[in-house]
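Letter by letter, the chains look like this.
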Amino acid sequence: MSKLLKVGAAATAALLSLGLAACGGGDDDSSSSGSSSTVSDADVTAALEKGGNLTVWAWEPTLKNVVTEFQKKYPNVKVDLVNAGTGNDQYTALQNAVAAGKGIPDVAQIEYYALPQFALGKSLTDLTGFGAENLKADFAPGPWNSVHSSNVAYGLPMDSGPMALYYNKNVFDKYGIKVPTTWDEYLDAARKLHKADPKAYITNDTGDAGFTTSMIWQAGGKPYTVDGTNVTINFSDEGSKKFEQVWQTLITEKLIAPISSWSDQWFQGMQNDTIATIATGAWMPANFVSSAPAASGKWRVADMPQWTAGANASAENGGSALSLMNKGLNNNQALAYGFTKFANDGDGVQIRVDGGAFPATTKQLSDSKFLNSEFKYFGGQKANEIFAKSSQNVVTGWTYLPFQVYSNSIFNDTAGKAYVSSTTLADGLKAWQDQSAKYGNEQGFTVK
Amino acid sequence: MAVLQPAVARRRRSWRGWQFVGPFMLIFALVFLAPIVYSIYLSLYRNQLIGGNSFVGLDNYTRLFQDSQFWESFGRVAIFLVVQVPIMLILALVVALAIDSGRLYGKAFFRVSIFLPYAVPAVVATLMWGFIYGDQFGLVGNINDAFNISLPNPLSPHLALASIGNIVTWEFIGYNMLIFYSALRVIPGSLYESAALDGAGQFRIIRSIKLPAIRGALSIATIFSIIGSFQLFTEPVILQPLAPNAITTYFTPNLYAYQLSFSGQQYNYAATVAIIMGIITMVIAYVVQLRGNRES
């Protein structure tokens, strides 16, 4: 028996040391590859001509055509475009790959709110050495600012989501309600609509972190400040208060449909006139067309309602970049950069715009063909004019937390309570603030 | 030399034994011991976004004992265990006794149809119930519309746990019924004959023959159900997108560990949660088993 124990202990010790070794491997400083090296345009062109394999993780549907055209132009390159899930699902897969140190894609789509977290985790390649800063003038300032973390570019902007108010014109006409231009009018419209038809709601919301932060952004709130590892979170500033008051009223008077965005019920609601407006990013039209086809012709686009009458403030909602990952599968960063530049700054942009994407490049945003294109779904409206204007009016100075992905994941645990219980939104946001701060401190930040 | 010889002999003898158990021990160590050892190893470290990996001793454990979210989730599955498991097992027992009584018309049909939900994958079953529970466009919504009433939302915060209990009961009655039924089938028919000669009625037969005879099966089913309750995960995860504000990220201990490691990158703390939950489950299952054995 004692012999058995001894052998068991030896085996255990061996396994333990294996585990230690495996861990040691994973802990290697990942900044070693790529970050400080210089790769000239000539190197990139050479890599493109030479060819090779490239693995790209992205869920943006228009990238498929980009890959086809890219491979036509550079026949030696083979791009493997993988859809590893949308948003959080992909980040989970990506974080697992990074932790394992294996199977990391060469290029990944990362939303602006998540970019600081990956940059901080040293998973993304610093693009300074590739001359990315020279491309500054090519991009709208909002998205360009969003791919930077601590003044270093960690990706090239792919799309952007300047906000607009999508509304069901049929419903507004039917009940003679004016399309709101301020959030106070929005509240009035919500009351009138729900009174006229108890099944109809001004909008849907079951607590959405991305939407909430964008609304606070538009109201001029700056709940987050980040200075290196010093972080503050504060939802009691004036902008946050403005949002919280209007939204609390909508919740208390039961004027918001308790339907989650992206659910089946959501798309049904758009088509059966029970959801009257959606305030969201300029990337939405493609989703209307594909998932709510029956409502074609009913919906229109308007400027975001304002917090102060006569103002023209806007905010971004969503939008993502393509970033180069450190330790990518094929270890060919010049090629990876070549693809990223093609997709986000070169020929790929027009291909994606033609596919219905909303660009982040100034060339396309000011192109008259782009601005004048008529959306059949919106009854022939030139919706891009509204989006482009919104893009210019995005309130400056907004930052996300370096751990926003986690913070958003606990939004419904905390602020979400306000939607289903007597907890107020103010208390809910305070709880969100406290829980996020707790996590930040545990992760080594100094959060106040 | 004299010292060496017995050692050689002994080694040769022990070698032969190891040739038999070696392959087993190797696989046993790899698939059973290694994950546990690795979890324990993980639970002694803390990996931070800022500052990297460091040895923290038992810090994760002291943190766990003060973690209100963990204890809330533990309390939730404990309530689930105390309420749902007895309901499910009693229903399964009643069904098994009814089918076994031989007085049920269409016995095979009932046996199969009650077992059928267990054959439906938990994910599919939960999605199906999710549609039924929908108070906007689901069955509950349709009933509200048709009869112009307003049923409470089954996925509101104070009903979500009961709704999940309903799904789990639906899924596992058939499974437990089958365990009880197969135990009932091995009771020799001669016992019933002699009981009938002694003038015992059906209820007396159940109480004095059937229940004592299937005590082992009852004890096993109870232990499985206890483990199942503590591992509650699939149902809340599938329902979460439908009721994000009612089903929190720390709804059950398993869900909490999942959230910690995949959203929060806190693998070390998640490992701690896993170890403590494993120990608690083992202790409770062991106590139940001891009780079951002592009474028999």
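Residues numbered from 1 in each chain as written. Chains lettered and ligands numbered in written order. Predicted model: local features only at pLDDT ≥ 70, side-chain atom pairs only at ≥ 80, totals over all residues.

1. Here's the deal with the overall build of chain A
1) Next: Across its full length, chain A carries 21 helices and 15 strands.
2) Next: Taking 2.2 N^0.38 as the reference for a compact globule, 448 residues should give roughly 22 Å; the C-alpha atoms of chain A span a radius of gyration of 24 Å, in line with that estimate.
3) Next: In terms of principal-axis extent, the alpha carbons of chain A reach across some 80 × 60 × 40 Å.
4) Next: Looking at chain A as a whole, 51% of its 448 residues qualify as buried.
5) Next: Taking the intrachain contacts of chain A between residues at least 6 apart in sequence as the baseline, contacts between residues at least 24 apart amount to 77%. (Helix = DSSP H or I, 4+ residues; strand = E, 2+ residues; numbered from the N terminus. Rg over C-alpha atoms; globule rule 2.2 N^0.38 Å. Buried ≥ 20, exposed ≤ 12 C-beta atoms within 10 Å, placed from the backbone. Contact = placed C-beta atoms within 7 Å.)

2. Points about the sheet that holds strand β1 (residues 52–57) of chain A
Picture the strands of a sheet paired through backbone hydrogen bonds; they go either parallel or antiparallel.
All names here are of chain A.
1) Next: Strands sit in the order β2-β1-β3-β14-β6 across an open sheet of five strands; the sheet is mixed. Strands at the two margins of the open sheet, each flanked by one partner only, are β2 (77–82) and β6 (156–157).
2) Next: Here β6 pairs with strand β14 (residues 320–324) via two bridges, running antiparallel. Residue Leu156 lies in a different strand from β14, and its bridge partner there is Leu322. (Pairing = 2+ DSSP bridges.)

3. What about the interface of chain A and chain B?
1) Next: Tallying the contact residues gives 33 residues for chain A and 27 residues for chain B.
2) Next: Elements that contribute at least two residues to the side of chain A that touches chain B include exactly α1 (2–26), α4 (88–100), α11 (264–271), α18 (404–409), α19 (411–414) and α20 (417–420) of chain A.
3) Next: Here the element with the most residues in the side of chain A that touches chain B is α1 of chain A; it accounts for six residues.

4. Things to note about the nonpolar core
1) Next: Membership of the largest hydrophobic core comes to 192 residues, with the highest contact counts inside it found for Phe339 of chain A together with Ala96 and Phe180 of chain B.
2) Next: Setting aside residues no more than four positions away along its own chain, Phe180 of chain B makes contact with Ala92, Leu93, Ala96, Ile214 and Ala217 of chain B. (Core = buried A, V, L, I, M, F, W, Y, C linked by C-beta atoms within 7 Å.)

5. Examining the UniProt feature "transmembrane region" (unreviewed entry) in chain B
1) Next: Sites flagged by UniProt as "transmembrane region" (unreviewed entry) map to residues 20–41, 77–99, 108–132, 159–184, 213–233 and 267–288 of chain B.
2) Next: As annotated, residues 20–41 of chain B has a helix share of 100% and a strand share of 0%, and its two end C-alpha atoms lie 30 Å apart. (UniProt positions renumbered as here; feature names shortened; annotations may be inferred.)

6. Details of unusual backbone geometry
1) Next: You will see that Asp273 of chain A, though not glycine, has its phi angle at about 65 degrees, which is positive.
2) Next: Considering the arrangement of structural elements, one finds Asp273 of chain A in the loop between α11 and β12 (277–281).
3) Next: In this structure Asp273 of chain A comes out as partly exposed when scored by C-beta crowding, with 16 C-beta atoms within 10 Å.
4) Next: The backbone phi angle of Asn148 of chain B is positive, close to 55 degrees, even though this residue is not glycine.
5) Next: What makes Asn148 of chain B exposed here is the crowd of 6 C-beta atoms within 10 Å.

7. Some words on the domain arrangement of chain A
All names here are of chain A.
1) Next: Domain annotation of chain A identifies domain 1 (33–160 + 320–364) and domain 2 (163–315 + 373–447).
2) Next: Measuring from the centre of the C-alpha atoms in domain 1 to the corresponding centre in domain 2 gives 28 Å.
3) Next: Taken together, the contacts link 14 residues of domain 1 with 14 residues of domain 2.
4) Next: Those elements that place two or more of their residues in the side of domain 1 that touches domain 2 are α4 and α5 (115–120).
5) Next: Considering each element in turn, the side of domain 1 that touches domain 2 owes the most residues, three residues, to α5.
6) Next: Across the side of domain 1 that touches domain 2, the residue classes break down as eight nonpolar, five polar and one charged. (Domains from an automatic or database assignment. Nonpolar A, V, L, I, M, F, W, Y, C, P; charged D, E, K, R; others polar.)

8. Looking at the pairing of strand β7 (residues 163–168) of chain A
Residue and element names in this part refer to chain A.
1) Next: For β7, the tally of buried residues reaches six of six residues, placing the bulk of the element in the interior.
2) Next: Side chains of β7 alternate between two faces, with Met163, Leu165 and Tyr167 and Ala164, Tyr166 and Asn168 buried alike.
3) Next: By the bridge criterion, five bridges tie β7 to β12 in an arrangement that is antiparallel. Looking at β12, one finds that Tyr166 is bridged to Ile278.
4) Next: Note that β7 and strand β13 (residues 299–302) share four bridges and pair antiparallel. Opposite Leu165, over in β13, you have Ala302 as the bridge partner.

9. A closer look at helix α10 (residues 238–252) of chain A
Residue and element names in this part refer to chain A.
1) Next: For α10, with 15 residues, the first-to-last C-alpha span of 21 Å sits near the 21 Å given by 1.5 Å per residue.
2) Next: Buried residues of α10: Gly239, Ser240, Phe243, Glu244, Val246, Trp247 and Leu250, and no others.
3) Next: Turning to α10, the residues buried within the fold contact α8 (183–196), α9 (209–218), β11 (256–257) and α21 (425–442).
4) Next: In the stretch just after α10, Lys254 is the one whose phi turns positive, near 55 degrees. (Expected span 1.5 Å × (residues − 1).)

10. A few points about the sheet that holds strand β15 (residues 446–447) of chain A
Residues and elements named next belong to chain A.
1) Next: Judged by pairing direction, the sheet is mixed, and its three strands sit side by side in the order β9-β10-β15 without closing on themselves. Looking along the sheet, the strands with just one partner apiece sit at the ends: β9 (224–227) and β15.
2) Next: Relative to strand β10 (residues 230–233), β9 runs antiparallel, the two sharing four bridges. Among the inter-strand pairings, Tyr224 is bridged to a residue of β10, identified as Ile233.
3) Next: Sheet strands in contact with α21 are β10 and β15, and its direction is about 170 degrees off that of β10. (Axes fitted to C-alpha atoms, helices over the stretch in contact; angles between N-to-C directions.)

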